[in-house]
Amino acid sequence: MKLKLTYGHSTVSDPVLSRIVLKTGVPINILDAKVTAATGEMIVDVPVQGRQLEEAVSLFQEAGVNVKKILSSVEINYDRCTSCGACVSPCPVQAIVQHEDWSVELDETKCIRCLVCVDACPVRAIVTP
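Here is a short report on the structure shown in this document. (Residues numbered from 1 in each chain as written. Predicted model: local features only at pLDDT ≥ 70, side-chain atom pairs only at ≥ 80, totals over all residues. Heavy atoms only, no water.)

As a further point, take helix α2 (residues 50-62). In this model α2 runs 18 Å from its N-terminal to its C-terminal C-alpha over 13 residues, within 8% of the 18 Å that 1.5 Å per residue would give. Every buried residue of α2 is accounted for by Leu53, Ala56, Val57, Leu59 and Phe60. End-on, the buried residues of α2 take up no more than an arc of 160 degrees, which puts them together on one face. Those residues of α2 that are exposed and angled more than 90 degrees off the buried face are Arg51 and Glu62. Lining the buried residues of α2 we find β1 (2-7), α1 (16-24) and β4 (66-70). One or two steps after α2, the chain reaches Gly64, where phi turns positive at roughly 90 degrees. (Helix = DSSP H or I, 4+ residues; strand = E, 2+ residues; numbered from the N terminus. Expected span 1.5 Å × (residues − 1). Buried < 20%, exposed > 50% of the residue type's maximum accessible area, 1.4 Å probe, protein only. Arc of directions from axis to C-beta. Contact = heavy atoms within 4.5 Å.)

Our next topic: the nonpolar core. Within the largest apolar cluster, 20 residues are counted, with the highest numbers of intra-cluster contacts made by Leu5, Tyr7, Ile28, Val44, Val46 and Phe60. Put simply, the parts of the chain that give this core at least two residues each are β1, α1, β3 (40-45) and α2. The greatest single-element share of this core, amounting to 5 residues, is contributed by α2. Not counting chain neighbours up to four residues away, the residues in contact with Ile28 comprise Leu17, Ile20, Val21, Val44, Asp45, Val46 and Phe60. One finds Ile76, Val104, Cys117 and Ala125 within the second-largest nonpolar core, a separate group that totals 14 residues. (Core = buried A, V, L, I, M, F, W, Y, C linked by side-chain atoms within 4.5 Å.)

Attention now goes to the sheet that holds β4. Judged by pairing direction, the sheet is antiparallel, and its 4 strands sit side by side in the order β2-β3-β1-β4 without closing on themselves. The open sheet terminates on both sides in strands that have one partner only, identified here as β2 (29-35) and β4. Recorded for the sheet is a direction-independent mean angle of 15 degrees between the axes of neighbouring strands. As paired strands, β1 and β4 are joined by 5 bridges and run antiparallel to one another. Each bridged residue has a counterpart across the sheet, and for Leu3 the counterpart in β4 is Lys69. Sheet contacts for α2: β1 and β4; angle to β4, the most-contacted strand, approximately 145 degrees. (Pairing = 2+ DSSP bridges. Axes fitted to C-alpha atoms, helices over the stretch in contact; angles between N-to-C directions.)

Moving on: the pairing of β2. By the bridge criterion, 6 bridges tie β2 to β3 in an arrangement that is antiparallel. Across the sheet, residue Lys34 finds its bridge partner in β3, namely Glu41. What sits between β2 and β3 in their antiparallel hairpin is a turn of 4 residues.

The next thing to look at is the environment of Cys121. Tracing the sequence through the fold places Cys121 in the loop between α3 (116-120) and β8 (126-127). A residue is classified by how much of its surface remains accessible, and Cys121, at 7% relative accessible area, is buried. C-alpha separation for the pair Cys121 and Ala86, spaced 35 residues apart in sequence, amounts to 6.0 Å.

Now the structure itself:
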């Protein structure tokens, strides 16, 4: 599950993420981060479900971090998509594939939310939710 973590001024300098990794044993992968001295925002992948995921979310919230579950990293608007394939080759993790019938498909489990595909799409059919 991908999570958007928003750190406030009081928590941005705390090693919240590393404490949660050590406490839960869950290897949390940072996909994107923008951190300043005052605030921070991270997109992380937490590769667990159910009780373990809820424990991690709860620990972040207890530490003062705002947590939002990201159900979809990017979305393809198939009504706008022309199946040109411009989004396929720039994807660093091959999360977007083009089939023999020219249709384009996104594999959410591979997506790291780098958003390169959003910029590559000439008709703006790929958007962030």
